[in-house]
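# A closer look at the structure
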Amino acid sequence: MFSRRLVDKDVAAWQLDGFAWLIDNFEIEPGLSETELWLPTPEYYPDAGDTPLAEHLFAIVRRQCRFDDRDNFELKAEAGRPDSSLGGLAMIKTRGQTACGTYQIIPTKHGGTREIIRYDEGLMDKPAQLVATFAHELGHALHNRAQEELEEPPELYELFTDLTAVFMGYGVFLANGRFEFSQFSNADMQGWQAKGAGYLPEADLVFATALFMSIKNIPEAVAAPHLKSHLRKMLSKAFRQIGKMETDVKALRERIPVHRDKRRA
């Protein structure tokens, strides 16, 4: 039997709890009033002009996430992620086991910190994945600014960071970038290459995006045109499932942030 739910009850409950913690620590007013659903359009991401693309997109994402000049970020490009091959006439090569980006925080001599975000320079021709990568890594930075300790098991932390990026409005970017397939061939190998960006499964990302949209009363039709076709079907299924969770969604929509993050106002 096919399930009528996009995600199981445990995943849905984990996301509801995660959104509650994020609201308490990083929102100012109820209803995710300070956050937008960012879409891959020129309205939000204008042409870079003469500015290097990575610097241009990082500046936009940083601003969208409400970081400012007090936040000491350093952006560094890294060589592309290595392929892991099955060898011989392999039909699939995977590139999903290494990160598109990393985040590092280092104390300075004067009591401050340096925050270093490294990204795969191979993403320079994939701006949407670059946005998703920056959103995820800035999710780590956001956690370091929480007033309440994040009690998440280590094995779930990167998953929670993806959820944080969805909470900041990047669900469409993360869902679209979760898996990417391209054809390849060389002297002794041919087939398909699979590359993954992010940690949460596609279904979980789509459900989290639908939850974010439901809290903000954003119609399904706003995001659907910007998602891959199979993700649009998932989004519809997610909205149907969330439609049966009205009490939970209403509670998040009306939740008054515990810590009232005035710094991010």
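It is worth spelling out the pattern of salt bridges at this point. All chains considered together, the criterion is met by 8 salt bridges. Linking R70 and D68 is a salt bridge whose minimum nitrogen-to-oxygen distance equals 2.5 Å. Judged by its relative accessible area of 56%, R70 falls in the exposed class. A salt bridge links E115 to R145, with the shortest nitrogen-to-oxygen separation between them at 2.6 Å. Remark: R145 occurs in the loop between helix 3 (127-143) and helix 4 (154-167) and E115 occurs in strand 5 (residues 113-120); sequence separation between them is 30 residues. R145 sits in the partly exposed class, given a relative accessible area of 23%. Through salt bridges with shared partners, a single ionic network connects D71, E115 and R145.

We describe a pair of aromatic rings using the distance from one ring centre to the other and the angle between the two ring planes. Across all of its chains, the model carries 12 aromatic pairs by this definition. When the ring of W21 is compared with that of F160, the centres are 5.8 Å apart and the planes differ by 75°; the resulting orientation is edge-to-face. With W21 in helix 1 (residues 9-26) and F160 in helix 4, the pair connects residues that are 139 residues apart, well separated along the chain. As far as the burial class goes, W21 and F160 line up, both buried. Ring centres 5.3 Å apart and planes at 85° place the aromatic pair W38 and Y44 in the edge-to-face group. According to the relative accessible area criterion, W38 is buried, its value standing at 8%. Taken together, the aromatic side chains of W38, Y44, Y45, Y170 and F173 make up a single cluster linked through ring pairs.

In this section: the packing of helix 1 against helix 6 (residues 202-215). Here helix 1 crosses helix 6 at 50°, and the two axes come no closer than 11 Å. One element, helix 1, and the other, helix 6, form an angle in the oblique class. For the pair helix 1 and helix 6, the crossing hand works out as right-handed. Contacts between helix 1 and helix 6 involve V11, A12, Q15, L16 and F19 from the former and D204, F207, A208, L211, F212 and I215 from the latter. Here the residues of the contact of helix 1 with helix 6 sort into 9 nonpolar, 1 polar and 1 charged.

In this section: the confidence of the model for the protein chain. Parts of the model with low pLDDT should not have their predicted coordinates read in detail. Of all residues in the protein chain, 82% have pLDDT values of 70 or greater, and the mean over the chain is 85. Under a pLDDT of 50 for its full length, residues 82-98 has, in the predicted model, 39 contacts with residues more than four places off or in other chains.

Scoring rules and cut-offs
Residues numbered from 1 in each chain as written. Predicted model: local features only at pLDDT ≥ 70, side-chain atom pairs only at ≥ 80, totals over all residues. Heavy atoms only, no water. Salt bridge = Lys/Arg side-chain N within 4 Å of Asp/Glu carboxyl O. Buried < 20%, exposed > 50% of the residue type's maximum accessible area, 1.4 Å probe, protein only. Helix = DSSP H or I, 4+ residues; strand = E, 2+ residues; numbered from the N terminus. Phe/Tyr/Trp six-rings, centres within 6.5 Å; stacked < 30°, edge-to-face > 60°. Axes fitted to C-alpha atoms, helices over the stretch in contact; angles between N-to-C directions. Parallel < 35°, antiparallel > 145°, perpendicular 65-115°, else oblique. Left-handed = near helix turned anticlockwise from the far one by under 90°. Contact = heavy atoms within 4.5 Å. Nonpolar A, V, L, I, M, F, W, Y, C, P; charged D, E, K, R; others polar. pLDDT = per-residue confidence, 0-100.

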